[in-house]
Structures are given as C-alpha cells and as structure tokens.
Amino acid sequence: MRPTQVRFSEMPGPKTYNPWWGSHEVTHQKGIVQYSLSPMRQRPCKNMFRNYIFNGYRRLSSQFGYWIVPFAIGYGTYTWAKSYDTYLNSKEAHIAGHAHS
C-alpha cells in the first residue's frame, strides 16, 4: 500500500473545505449557499424616525425613575445657587453685610 499525497504534504484531507495556508488548489465546496443583497437595496434607515418615536419613547420612559431624581437635584441646586448669587450681588446683601469679599 502506498501513502497518499495528503499524508506526505501534511495538508488537510479532501473532506475539509478550509484549504491549507498558501494553497492555490481550492476544493469546490458543495452544499454551501451564500446570498447577498446590494447595499443600495438594504435601506438601513427605513422607518428610522417612526420607529424611534415609539421605541425611543418606550425605552426612555422605562428609565424615567433613574434620571429624573439626579436631574431634579441638579436643577434645584442650580436654581438655588443662581438666586443666592443674585442676592449676594444685590443692594440688599451689601446693606446686610453679606456681600462677596
């Protein structure tokens, strides 16, 4: 019995579809079907805005409790600081002796 050429070359056998690195002898693959669609026909932005109105509202409303509390604290701090700064820079604060130094 004589050894086959595959055994001498240490390449994969005839049943594998992945050829050896650098091999130009590509075996024809059977039973593998590959479909493709033109990029012009895929329409990646189809109904993007309409879907965002409904899906975005659903996603944002489910996170409402997580972002409203920090937002309320931040906005409350901002309005308090703005009114306090207005008071400190007013004539009333200068008369009371609370002006910036």
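All figures in this text were calculated on a predicted structure; none of them were measured in a lab. (Residues numbered from 1 in each chain as written. Predicted model: local features only at pLDDT ≥ 70, side-chain atom pairs only at ≥ 80, totals over all residues. Heavy atoms only, no water.)

Visitor: How should helix α2 (residues 48-62) be read in this particular structure?
Guide: The end-to-end C-alpha separation of α2 is 20 Å, in line with the 21 Å expected for 15 residues at 1.5 Å each. Of all the bends found along α2, the most pronounced is centred on N55 and spans about 30°. (Helix = DSSP H or I, 4+ residues; strand = E, 2+ residues; numbered from the N terminus. Expected span 1.5 Å × (residues − 1). Bend = angle between axes of the 7 residues up to and from the residue.)

Visitor: Please explain the UniProt feature "transmembrane region" (unreviewed entry) in the chain as it appears in this structure.
Guide: Within this numbering scheme, the UniProt entry marks residues 64-81 as carrying the feature "transmembrane region" (unreviewed entry). The span residues 64-81 carries 100% helix and 0% strand; its end-to-end C-alpha distance comes to 25 Å. (UniProt positions renumbered as here; feature names shortened; annotations may be inferred.)

Visitor: Please explain the environment of L88 as it appears in this structure.
Guide: Within the element layout of this structure, L88 appears in helix α3 (residues 64-88). Note: C-alpha distance between L88 and H98 (10 residues apart in sequence) is 6.5 Å.

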